[in-house]
Structure formats: structure tokens, C-alpha cells
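Chain residues, written in single-letter form:
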Amino acid sequence: MIPAPLTQIAKWCGGNLLSGNERTLITRISKDTRTIQSGDLYLGIRGEQYDGNAFVAQAAAVGAVAAIVDSETSTGLPDGFGIIRVKDSIVALQALAKMVRAEMKIRAVCITGSNGKTSTKDFTAEVLSSRFQTSRTPGNLNNHIGLPLTIVNTEPGTEAVVWEIGMSHPGEIEPLAKLAKPDIAIITNIGVAHIEYMGSREATAKEKGRLLEMLEPGGLAILNAQDNFSDELAKRTRARVLRVGIESGEIRASTIQQSNDGSSFTIDTPSGRIETRITVPGLHMVLNGLFAIATGLEAGISLADCAEALSRTKLTGGRLEWKTIRDIHFLDDSYNANPDSMEAALATLAQIPSRGRKIAALGRMGELGEHAESGYRRVGKKAAQLVDILLTVGKEAAAMAKTARSEGLKNVVEAADTSEASQWLREFVHEGDVVLVKGSRSAKMEHVIGNFQ
């Protein structure tokens, strides 16, 4: 954050400075007392389970020098501790982020889509980092709290940023896009994630397209050449449009070869051709890498430098991460799941060479609503085509198991929970087998691997 005194912060966020030295400079804000660093400003947010206003004294004890609150504060605060009182802490954070963003001289890349946002963010940030001082969304802080917090905590001297824009309900993209002010916007795809709340892919496309509407005429929209909503999305922007894809689009990948530790491929662009690789398998990961290449070229980075940066990118954990435990190979894709990403992961598993069997350990998929039954059936059918053994975890995945059996897969196992799934794997997997592990965050499928060890 650009160093700002408490008086300036209070003005920006529409609050009143009740106590503290008005000249105290703030360079970082945290809403979690576990991440407070000395000199931070603490943001008290009232949530569904906890009221952050109740932890001001705890924040002060671990180094915070001031706090933004929207209710009565704790007693026993250190002398000189700053208190900024606001009507609503989240609204105040967003107002503060708007003012901070207006002061920033940066190239902003914003990414949304049903799948692949974080992987695309990681690839893109690495490519831009080859020339510019670059920051990115930490973790998945991409909502109405996470994005403004990311903006205000951007370090001085940053030249480029890569921010995720997330949504699960209608109306969430536009205010975030207005806050972020993108120069380049990427839509990875339009799928069925959050369809419980969106109702249809058409509604999702309409919502995601709000990001493109925020681009100025000199900006760039980068779209998935293989997504059947891309033509319609392209009509939503005044900016230039560039498409990337597997053997399609202005920037495309071909001659793809996959292994357990990554994919090698050729990139064709209007400015030339080059061979490169990424450190994770999967055609969808190759596509995510192409978004990064397109961004780098737009930023003036050479194709050779873009390709080299892509090849060294390490993705956030739980995304097709190859792990070997006692000669058993795991493809850890446990970070999240929906029917589209499940099918992509199953296809990746099928394409990886192995000496043993292909086993898919799949858990629940969240936010499908009335589409849950059809989503599980869809994944069960794909699993029957591509794997040797399907291990489903949790009662919600029963439709997946039932469909796989009806499609002719003989080896289908149903586990009640992750512990039972781990126990089955310990007893029945063989040396050389490859096990894909995937499910929504709520399924905690990472425990399948953790309990196996």
C-alpha cells in the first residue's frame, strides 16, 4: 500500500478518526489477527460466524497500530492506538480500495471464468514478472472483500498486477470490475460452476461479460477460442479481442505431449513460433498457459521470454500436483471441482502414461443445486470411459457411482468419507497405479492423500 497517514485513510474510507496519532503511516491492512504484522491497520469485519470488531485488542497485542471498526471497540487498548469508526467496514474497505486504485500507475490484468482462474493467474504473473515488478491475488481472495484487500495491500513500485475476479451470484462482477479497472481482461471459459445460483451457462456468460464491459477501447480482451460463448462475449467490449486455444485462435498450441510431470507443446503466434513446456499435465492447463502468453506479448515481452517464464511456473498447490507416496502416484487436483473441471481432470489422468491402473477418487461437487444429479451422472459417464477404477467419496457422489456402473465400469467403489477412501487405497492400490484425487473444497479431498501417508 502507498504509505498513507491515518487521517488520509479515514477520509478515503468515509470514517471518523476517534483516537491515535493522525500522522501514523499505514502501509498494510489485515482482517485476520493471525496475519497481523507490526505496524498494520486491522480491519474489523462482522461475518456470519465471528465479529471481527471483538478482536481489536488481540490485533493490537500482536502489532497492529490502528483499526477500522463499525461497532463499539474493545477496552484495554494501548495508549495512542488509532481507531477509525465507520458505518460498515466492508463498504469502508471498498471505498478505500477505490481511492488507492486511483493513485496506482499499473498495468492491471483481471481474470474471471468458471474454471482455471488461479492457474491462469499463476502463469500470467510469472510471465509478467520476467520484465515487470508484478503482484497477484494471494490465494483466492477474489470476492467483494478479497479484491479490495488485495488492491490496498499492493506494494509501492508495483508495475503490473494480476487479479482474480470471482463470483457465485448475479451482480457480483460489475462492482469488482469497476474497482479493478482492468487494462487486460481474460475469461477462461463459461462452465457450470455456481450454477445453483446462476441457473444456466447463459446467465453465467452474461455475468462474466460484465468484466469485458469495463475495458477501455485501448484495452484487450483475451477469450477461449474453444468456448461456444466467446463470440457473444466478444460483442460486449469496445476493446480489441484476441482468442487462444488448442489448435485454434490467433495464439494456439499444437503437437502437445503429456507426461506425469508436465506437458510440452508448440506455440504459434502472429509474431512467431516456439516450443515450450509447463510443469503440470492437462490440455486445459496448456490453454491456461496460452492466456499468459497472450498477456505477455501484449505487454511487450518477447515470445522467447514468455515461453521461458511459462516453463518455470509453479502452480498453487492442489492443482494437478504430482505426488508419489510409497510407489503410488497421486494426481492431486483437490483444490476444487465442478463437472467441467472433473471431466478435464479425468481426461488428463487418461492421457498420462503409467505402468499401473488409472484410479479416480472423486468427491462431492458444490453449488450445483437442481443440476447436481445431472452433473454427477455426467462425471460418472466420463469416468466409465476413461478409468480402471472409480472410488467415490461421500453419499452425494452416489449418482456418479451408479452411472459409472450402468455405463459398464465394473470396478466402482463407494466410500462414506475420506478416511474410508484412504483405507481402501492403502489396501488395494498397487505399485505403479495413478490415483486422481478431486472434489470441491467442502469435500476436503486432500485428506484422502494425507491419510494415506
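What you see is a predicted model; the values in this text were computed from it and never measured.

A.B. asks: Any chance you could explain the side chain of Asn142 here in plain terms?
C.D. replies: By secondary structure assignment, the location of Asn142 is in the loop between strand 9 (134–136) and helix 5 (146–152). With a relative accessible area of 12%, Asn142 lands in the buried category. Apart from residues no more than four positions distant in its own chain, Asn142 is found in contact with Lys117, Thr137, Leu147, Glu164, Ile165, Gly166 and Leu176.

A.B. asks: Explain the sheet that holds strand 21 (residues 412–415) to me, please; I cannot follow it from the model alone.
C.D. replies: As a general point, the strands of a sheet are linked pairwise by backbone hydrogen bonds and lie either parallel or antiparallel. An order of 17-18-22-19-20-21 is seen for the six strands of this open sheet, with the pairing classed as mixed. Strand pairing shows two members of the sheet lacking a second neighbour, strand 17 (321–325) and strand 21, which therefore form its edges. Taken over all neighbouring pairs, the strand axes of this sheet differ in orientation by 20 degrees on average, direction set aside. The pairing of strand 18 (residues 328–333) with strand 22 (residues 434–438) spans five bridges and is parallel. Paired with Asp332 across the bridge in strand 22 is Val437. This element, helix 15 (residues 398–406), spans strand 19 (358–362), strand 20 (389–393) and strand 21 of the sheet and lies at about 165 degrees to strand 21. Strands strand 18, strand 20, strand 21 and strand 22 of the sheet are contacted by helix 16 (residues 418–428), whose axis makes an angle of about 155 degrees with strand 20.

A.B. asks: Looking at this structure, how should I read the pattern of salt bridges?
C.D. replies: Two side chains bearing opposite charge may form a pair once their charged atoms approach each other closely. Enumeration according to the criterion identifies 27 salt bridges in this entry. A salt bridge links Glu174 to Lys178, with the nearest nitrogen and oxygen atoms 3.3 Å apart. Placement of both Glu174 and Lys178 in helix 6 (residues 173–180) is noted, with a separation of four residues, approximately one turn of the helix. Asp333 serves as the salt-bridge partner of Lys438, at 2.9 Å between the closest nitrogen and oxygen. With Lys438 in strand 22 and Asp333 in strand 18, this residue pair connects regions lying 105 residues apart in the sequence. Using a relative accessible area of 7% as the deciding quantity, one classes Asp333 as buried. Because the salt bridges share partners, they merge into one network encompassing Glu126, Glu308 and Arg312.

A.B. asks: Sorry if this is basic, but what is going on with the packing of helix 13 (residues 339–351) against helix 14 (residues 372–386) here?
C.D. replies: Any two packed helices are characterised by the angle at which their axes cross and by the distance between the axes. Packing of helix 13 against helix 14 leaves a shortest axis separation of 10 Å and a crossing angle of 5 degrees. Comparing their axes, helix 14 and helix 13 come out roughly parallel. Along the contact surface, helix 13 presents Pro339, Asp340, Met342, Glu343, Leu346, Ala347 and Ala350, while helix 14 presents Gly375, Arg378, Val379, Lys382, Ala383 and Leu386.

A.B. asks: Mind showing me how you'd approach the packing of aromatic side chains here?
C.D. replies: Each pair of aromatic rings is reported with the distance of its centres and the angle of its planes. Per the stated rule, a full pass over the model turns up two aromatic pairs. Ring centres of Phe330 and Phe452 lie 5.1 Å apart, and the angle between their planes is 65 degrees; this geometry places the pair in the edge-to-face category. Taken as a pair, Phe330 in strand 18 and Phe452 in helix 17 (residues 446–452) lie far apart in primary sequence, 122 residues in all. Grouping residues by exposure puts Phe330 and Phe452 together as buried.

A.B. asks: Got a minute to help me understand the sheet that holds strand 11 (residues 184–187) in this structure?
C.D. replies: The strand order across the open sheet built from nine strands is 9-10-8-11-12-13-14-15-16, with neighbouring strands paired in mixed fashion. Only two strands of the sheet have a single neighbouring strand rather than two, namely strand 9 and strand 16 (272–278). Each adjacent strand pair in this sheet contributes to an overall mean axis angle of 20 degrees, direction not counted. In this structure, strand 12 (residues 220–224) lies alongside strand 13 (residues 240–246), joined through five bridges in parallel fashion. Counted as the bridge partner of Ala221 is Val241 from strand 13.

A.B. asks: Explain the environment of Leu315 to me, please; I cannot follow it from the model alone.
C.D. replies: Relative to the assigned elements, Leu315 resides in the loop between helix 12 (303–312) and strand 17. Since its relative accessible area comes to 16%, Leu315 is described here as buried. C-alpha separation for the pair Leu315 and Lys444, spaced 129 residues apart in sequence, amounts to 19 Å. Filtering out sequence-adjacent residues up to four positions away, Leu315 remains in contact with Ser119, Asp122, Phe123, Val280 and Met285.

Parameters at a glance
Residues numbered from 1 in each chain as written. Predicted model: local features only at pLDDT ≥ 70, side-chain atom pairs only at ≥ 80, totals over all residues. Heavy atoms only, no water. Helix = DSSP H or I, 4+ residues; strand = E, 2+ residues; numbered from the N terminus. Buried < 20%, exposed > 50% of the residue type's maximum accessible area, 1.4 Å probe, protein only. Contact = heavy atoms within 4.5 Å. Pairing = 2+ DSSP bridges. Axes fitted to C-alpha atoms, helices over the stretch in contact; angles between N-to-C directions. Salt bridge = Lys/Arg side-chain N within 4 Å of Asp/Glu carboxyl O. Parallel < 35°, antiparallel > 145°, perpendicular 65-115°, else oblique. Phe/Tyr/Trp six-rings, centres within 6.5 Å; stacked < 30°, edge-to-face > 60°.

Shape descriptors only; they carry no functional weight alone.
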